[in-house]
Amino acid sequence: GPRLRLRRQITMVEIELDGKKVEVLEGSMVMHAAEKAGTYIPHFCYHKKLSIAANCRMCLVDVEKAPKPMPACATPVTQGMVVKTKTDKAIKAQQSVMEFLLINHPLDCPICDQGGECQLQDLAVGYGGSGSRYEEEKRVVFHKDVGPLITFTAHVAFASVKKLPASWSWACHTAVSMPKLKPSWANRLTRNSPAT
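As the structure is a computational prediction, the values presented were derived from the model and not from experiment. (Residues numbered from 1 in each chain as written. Predicted model: local features only at pLDDT ≥ 70, side-chain atom pairs only at ≥ 80, totals over all residues. Heavy atoms only, no water.)

Now for the confidence of the model for the protein. Taken as a whole, the protein shows an average pLDDT of 76; of its residues, 71% reach a score of 70 or greater. Ranking the elements of the protein by mean pLDDT puts helix α4 (residues 166-169) last, at 37, and strand β5 (residues 82-84) first, at 97. Counting interchain partners and residues more than four positions distant, the pLDDT-below-50 stretch residues 159-196 has 56 contacts. (pLDDT = per-residue confidence, 0-100. Helix = DSSP H or I, 4+ residues; strand = E, 2+ residues; numbered from the N terminus. Contact = heavy atoms within 4.5 Å.)

If you trace the backbone, Gly27 turns up in the loop between β2 (20-25) and α1 (30-37). Once the C-alpha coordinates of Gly27 and Met12 are considered, the two residues, 15 residues apart in sequence, prove to be 9.1 Å apart.

For the rest of this paragraph, the subject is the pairing of β2. Sheet analysis places strand β1 (residues 12-17) next to β2, joined by 6 bridges and oriented antiparallel. The residue of β2 that forms the bridge with Leu17 is Lys20. Where β1 folds back onto β2 in an antiparallel hairpin, the turn is made up of 2 residues, including Asp18, whose phi is positive at roughly 50°. (Pairing = 2+ DSSP bridges.)

This paragraph deals with α1. Residues of α1 that are buried include every one of Val30, Met31, Ala33, Ala34 and Ala37, and no others. End-on, the buried residues of α1 take up no more than an arc of 160°, which puts them together on one face. Its buried side turned inward, α1 meets β1, β2, β3 (60-63) and β5. Gly38 occupies a position one or two residues after α1 and carries a positive phi of about 80°. (Buried < 20%, exposed > 50% of the residue type's maximum accessible area, 1.4 Å probe, protein only. Arc of directions from axis to C-beta.)

Attention now goes to the nonpolar core. Membership of the largest hydrophobic core comes to 22 residues, with the highest contact counts inside it found for Ile15, Val30 and Val83. At the level of elements, β1, β2, α1 and β3 are the ones that each hand at least two residues to this core. Among the elements that take part in this core, α1 stands out by supplying 5 residues, more than any other. The residues touching Val30, leaving out its near neighbours within four places in the chain, are Leu17, Val61, Ala72, Thr75, Val77, Met81 and Val83. Within the second largest apolar cluster, 13 residues are counted, among which are Cys56, Met58, Val97 and Leu101. (Core = buried A, V, L, I, M, F, W, Y, C linked by side-chain atoms within 4.5 Å.)

Residues of β3 alternate between two faces, with Leu60 and Asp62 on one and Val61 and Val63 on the opposite face, all of them buried. As judged from the 2 bridges shared by β3 and strand β4 (residues 70-71), these two strands associate in the antiparallel manner. Across the sheet, the residue bridging to Val61 is Met70, located in β4. Hairpin connection from β3 to β4: 6 residues lie between these consecutive antiparallel strands, with Lys65 at a positive phi of about 75°. Direction of pairing for β3 relative to β5: antiparallel, over a ladder of 2 bridges.

What follows concerns the sheet that holds β2. Adjacent strands of a sheet pair through backbone hydrogen bonds, lying either parallel or antiparallel. Ordered in space as β2-β1-β5-β3-β4, the 5 strands form an open sheet in which the pairing is mixed. In the strand order of this sheet, the two ends are held by β2 and β4, each with one partner. Here helix α2 (residues 88-102) sits on the sheet in contact with β3 and β5, set at roughly 160° to β3. (Axes fitted to C-alpha atoms, helices over the stretch in contact; angles between N-to-C directions.)

Glancing now at a nonpolar patch on the surface. On the surface, Ile10, Met12 and Leu25 cluster together to form a nonpolar patch covering roughly 290 Å² of accessible area. With respect to the element layout, Leu25 can be found in strand β2. Since its relative accessible area comes to 45%, Leu25 is described here as partly exposed. (Patch = residues over 30% accessible without salt bridge, like charges linked within 9 Å, V, L, I, M, F, W, Y side chains within 5 Å. Areas by Shrake-Rupley, 256 points an atom, 1.4 Å probe, with all protein chains shown as cover. Salt bridge = Lys/Arg side-chain N within 4 Å of Asp/Glu carboxyl O.)

At a minimum axis separation of 10 Å, α2 and helix α3 (residues 119-127) run at an interaxial angle of 135°. Comparing the axis directions of α2 and α3 gives the class oblique. Like other packed secondary-structure pairs, α2 and α3 cross with a definite hand, here left-handed. Here Gln94, Gln95, Met98 and Leu102 of α2 lie close against α3, whose contacting residues are Leu120, Leu123, Ala124 and Tyr127. In terms of residue class, the contact of α2 with α3 is made up of 6 nonpolar, 2 polar and no charged. (Parallel < 35°, antiparallel > 145°, perpendicular 65-115°, else oblique. Left-handed = near helix turned anticlockwise from the far one by under 90°. Nonpolar A, V, L, I, M, F, W, Y, C, P; charged D, E, K, R; others polar.)

In structure tokens form, the structure reads like this:
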């Protein structure tokens, strides 16, 4: 018999992002609209291949009629929404989040394996302040022995790393390294993990 095809209605929504009109699929997040418009919004936990966590709060933006800055990665677009990423309100919120994220981060960037290739370092320069109001001692996390093949150095990971599924969590480049594995094994283990 003849096949029935159900067509799904595709609805587009138009928003204004930093003065530009952007059209995206209904149900998209502000972050998707920003990517489409070529507008960079700083973020740590957002990744297009992972579920939305909205736990780092670095992507806070100013949404018209919202009482406080909203996370771009978890705020769905609505028709006629007006979003601004460069207002004093948004920038101040991002700087406050960066200050908070750096409270317990060690000051050993020059000797860190990720030095010069670190997203935290890049965003701290672009969105962080020149100093911190925090005067207390930093939290210390001691080395944890998790076996002969894995070196766990949690002191270099900051509080809101990407929430990866358990099978990928060992691969977080800021917290774990596997120096004792042969490259062929490492390639097989990381083959299906998402790009960061």
